[in-house]
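Observations on the three-dimensional arrangement
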Amino acid sequence: MISFSDVYKRYPNGFEALKDVSFTVETGEMALINGHSGAGKTTLLRIIAAIERPTTGSVIVNGQDVGRLNDAAIPFLRRNFGLVFQDQKLLFDRSVFENVLLPLQISGFESKAATRRVRAALDKVGLLDKEKARPITLSGGEQQRLCIARAIVSRPSILIADEPTSNLDMEYARDIMAIFKSFHQVGVTVLISTHDVELLGDIPQRILTLSHGELTG
Amino acid sequence: MNIWFSYHWHALVLAFKRLALIPFSTLLTLGVIGIAFSLPAGIYVFLENVETLSGQFSGGPQLSLFLKLNATQVEVGKIESFLKENPHVASFEFIPKASALEQFKKSPGLAGVMDGLEGNPLPDAFVVTARNVSPETLETLSKALSELRQVEHVQLDSAWAQRLDALLKLGRLAASMLSVLLSLLVIAVVFNTIRLQILTMREEIEVAKLIGATNAFICRPFLYFGMIQGLVGGIVAWLIISLGIHLTDEPVKHLMQLYETDFRLYHLSRGDSLIMLLFSACLGWLGAGLSVVSHLLKIEPR
């Protein structure tokens with residue numbers, strides 16, 4: 001469960017990225033954060049992942065107050081999340097397989113079990129035949145799917161994706177959204193930011209709309 | 001326990017991989033560390049050798065014991081029995097004044113001088129060889145002897161050994177000061193190598209933090225990296241010293257044969273070698289630790 005109450009985020013230069021944001025996403029729910037560019041979508045997701053702290057208000061994730069978490073506890077909070085970044089943040093000096101393996105190494109997985117899990121994650125996003133490739137040789141859509149594989153390999157309870165479909169053409173974008181929906185169907189809480197609501201197709205979905213840092217719907 | 005082991009194994013493997021990725025700079029760093037260590041350690045080995053050698057040359061330190069001119073036979077006998085019972089005395093020889101005079105007369109430069117004298121100006125004397133070379137023992141022994149009745153003067157024939165000992169002490173002090181300075185150098189070298197590593201891996205560190213890596217997880221490979229560099233640098237230093245000994249062994253042996261002494265150069269003992277390697281590994285670890293604290297912990301994902 002992710003719950004924001006009266007959250008403000010003000011940067012040192014005076015810019016207010018979030019103003020009085022309150023909402024709750026229940027466990028197992030899938031929600032989209034929609035809004036124009038600069039509306040505060042990325043800031044909101046970064047606060048959930050404890051990359052930034054709210055100026056005021058409280059953010060509760062799985063019962064923990066993210067804003068008040070001490071530094072030593074943050075890594076363990078982040079292990080609850082699968083994060084998909086707008087700029088993917090892949091490591092280009094290692095193979096596809098090793099990129100996906102990284103979260104398991106971090107949480108201290110035994111190597112045989114880890115190999116099985118990495119293959120399963122790559123299979124899910126359709127990259128199993130490219131495990132030895134370098135990320136630089138992959139297309140934009142494949143890189144995005146690799147990023148998703150890395151996010152899901154440790155089977156997180158919450159999946160957070162920041163503009164996962166930007167820079168992708170319509171067909172690739174639909175693929176990606178379908179992958180997220182399949183995780184939602186197996187009980188994962190999914191939170192996706194996007195400026196493109198059409199991608200949802202005809203499936204009704206909860207949408208949180210941000211405008212200039214305020215939640216409007 | 002298992003997880004702990006796998007974390008450390010992972011970090012160790014990663015550290016070796018990173019070293020192998022930059023073979024040229026790794027070799028240079030190891031060379032610098034090796035040379036830095038071989039200097040003080042080499043001086044230490046040299047001093048140890050000189051000390052062993054000086055022990056062989058002096059052949060047991062001797063003291064000359066001069067009695068008063070009016071010492072009687074009975075008193076000489078008492079001193080003799082004292083020397084026999086003293087545990088520090090290895091052997092002694094009595095030189096009566098008559099035979100001392102004979103010796104003097106035989107030596108070419110002094111014969112004429114002695115002829116001009118009335119009677120025998122020389123005292124009875126003992127030449128005492130101590131059981132132990134250490135200056136402390138000699139000092140105690142010479143003090144005990146000078147307190148005996150009818151002893152006029154005790155002369156330490158091996159004063160040169162004491163001077164050498166003082167010189168060796170000075171040398172050791174210089175070697176320790178040098179090792180402190182060069183240890184700082186090693187720390188600085190490792191510090192800088194790790195700093196460069198951290199800067200080039202900034203992106204990877206950020207990603208690892210974003211997906212839940214603890215600081216310990218990220219620091220560990222760097223600490224191993226520094227420790228391996230220190231350890232291998234220590235091994236390089238050991239090899240440099242071995243090479244030095246190997247190259248000088250024959251000439252030294254030849255030189256010693258000219259002095260009719262059988263002497264083999266001494267290398268660092270197993271214990272000393274182990275201490276040196278441990279010390280160098282610790283310095284590497286310390287340099288890496290300082291670098292990690294001052295650079296890596298400041299990196300936060302953006």
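Focus on the overall build of chain B
On a plain count of helices and strands, chain B comes out with ten helices and four strands. Secondary structure elements in chain B, listed N-terminal to C-terminal, are α-α-β-α-β-α-α-β-α-β-α-α-α-α. The C-alpha radius of gyration of chain B comes to 31 Å, more than 25% above the 19 Å expected for a compact globule of 302 residues. With the principal axes as the frame, chain B shows a C-alpha extent of 105 × 40 × 30 Å. Relative to its full complement of 302 residues, chain B shows a buried share of 26%. Long-range contacts, defined here as pairs at least 24 residues apart, represent 88% of the contacts in chain B between residues at least 6 apart.

Some details on the environment of R116(A)
By secondary structure assignment, the location of R116(A) is in helix 4 (residues 111-124). Sequence spacing of R116(A) and V153(A) is 37 residues, and the spatial spacing of their C-alpha atoms is 10.0 Å.

Observations concerning the packing of helix 3 (residues 96-106) of chain A against helix 5 (residues 140-152) of chain A
Residue and element names in this part refer to chain A. As a packed pair, helix 3 and helix 5 sit with axes 7 Å apart at the nearest point and diverge in direction by 30°. On the basis of their axis angle, the class for helix 3 and helix 5 is roughly parallel. The interaxial crossing formed by helix 3 with helix 5 has right-handed handedness. Note on element contacts: helix 5 touches helix 3 through L146, A149 and R150, opposite V96, N99, V100, L102 and P103.

A look at helix 8 (residues 202-210) of chain B
The α-helix winds at 3.6 residues per turn, so residues separated by three or four positions along the chain end up facing the same way. Of all the positions in helix 8 of chain B, only I205(B), V207(B), A208(B), K209(B) and L210(B) are classed as buried. Where the residues of helix 8 of chain B are buried, they touch helix 2 (74-78), strand 6 (81-84) and helix 3 of chain A together with helix 9 (215-258) of chain B. Where helix 8 of chain B terminates, the next one or two residues include G212(B), which has phi positive at roughly 95°.

Here's the deal with the sheet that holds strand 10 (residues 214-215) of chain A
Whenever strands of a sheet pair, they do so through backbone hydrogen bonds, lying parallel or antiparallel. Residues and elements named next belong to chain A. One open sheet accounts for six strands, arranged 6-7-8-3-9-10; its pairing is mixed. Either end of the sheet is taken by a strand with one partner, and the two such strands are strand 6 and strand 10. Of the strand pairs in this sheet, strand 9 (residues 206-211) and strand 10 are connected by two bridges, and their pairing is antiparallel. For L210, the partnering residue across the bridge sits in strand 10 and is L215. Against the sheet, helix 6 (residues 170-185) contacts strand 3 (30-35), strand 7 (158-162) and strand 8 (189-194), and its axis sits at roughly 155° relative to strand 8.

With respect to the nonpolar core
One finds I48(A), A149(A), L159(A) and I160(A) to be the most contacted residues of the largest nonpolar core, which totals 107 residues. Those residues within four positions of A149(A) in sequence are excluded, and the remaining contacts are V100(A), A121(A), L122(A), K124(A), V125(A) and L127(A). Listed in part, the eleven residues of the second largest apolar core include L63(B), L67(B), L138(B) and L141(B).

Some points on the interface of chain A and chain B
It is common to give the size of an interface as the accessible area that goes away when the parts come together. Each side of the interface is counted separately: chain A has 15 residues, and chain B has 14 residues. Residue assignment for the side of chain A that touches chain B shows that the elements contributing at least two residues are helix 2 and helix 3 of chain A. Broken down by element, the residue count for the side of chain A that touches chain B peaks at four residues, all from helix 3 of chain A. In terms of residue class, the side of chain A that touches chain B is made up of eight nonpolar, three polar and four charged.

A look at the confidence of the model for chain B
Note: predicted coordinates in regions of low pLDDT should not be interpreted at a detailed level. Here chain B averages 85 in pLDDT, while 92% of its residues score no lower than 70. For this predicted complex, the interface confidence score (ipTM) comes to 0.89, while the overall pTM stands at 0.76.

Concerning the sheet that holds strand 2 (residues 16-25) of chain A
Residue and element names in this part refer to chain A. Pairing within the open sheet is antiparallel, and its four strands lie in the order 2-1-4-5. The open sheet has two edge strands, strand 2 and strand 5 (64-65), and neither has a second partner. For strand 4 (residues 56-61) and strand 5, the ladder comprises two bridges, and the chain directions are antiparallel. Bridging across to strand 5, I60 finds its partner in D65.

Section: the pairing of strand 6 of chain A
Residue and element names in this part refer to chain A. Side chains F81 and L83 project from strand 6 onto one buried face, and the interleaved G82 and V84 project onto a second face that is buried too. Judged from the four bridges that link them, strand 6 and strand 7 form a sheet pairing that is parallel. Within the sheet, the bridge partner assigned to F81 lies in strand 7 and is I158.

Quick word on the packing of helix 1 (residues 2-21) of chain B against helix 9 of chain B
All names here are of chain B. Viewed as axis vectors pointing N to C, helix 1 and helix 9 meet at an angle of 55°, and their least axial separation amounts to 8 Å. As summarised for this structure, helix 1 and helix 9 are arranged oblique, according to the angle between their axes. As helix 1 runs across helix 9, the sense of the crossing is right-handed. Of the residues in helix 9, those touching helix 1 at Y7, H8, A11, L12, L14, A15, R18 and L19 are F217, R220, P221, Y224, F225 and I228.

Thresholds, definitions, all that
Residues numbered from 1 in each chain as written. Chains lettered and ligands numbered in written order. Predicted model: local features only at pLDDT ≥ 70, side-chain atom pairs only at ≥ 80, totals over all residues. Helix = DSSP H or I, 4+ residues; strand = E, 2+ residues; numbered from the N terminus. Rg over C-alpha atoms; globule rule 2.2 N^0.38 Å. Buried ≥ 20, exposed ≤ 12 C-beta atoms within 10 Å, placed from the backbone. Contact = placed C-beta atoms within 7 Å. Axes fitted to C-alpha atoms, helices over the stretch in contact; angles between N-to-C directions. Parallel < 35°, antiparallel > 145°, perpendicular 65-115°, else oblique. Left-handed = near helix turned anticlockwise from the far one by under 90°. Pairing = 2+ DSSP bridges. Core = buried A, V, L, I, M, F, W, Y, C linked by C-beta atoms within 7 Å. Nonpolar A, V, L, I, M, F, W, Y, C, P; charged D, E, K, R; others polar. pLDDT = per-residue confidence, 0-100.

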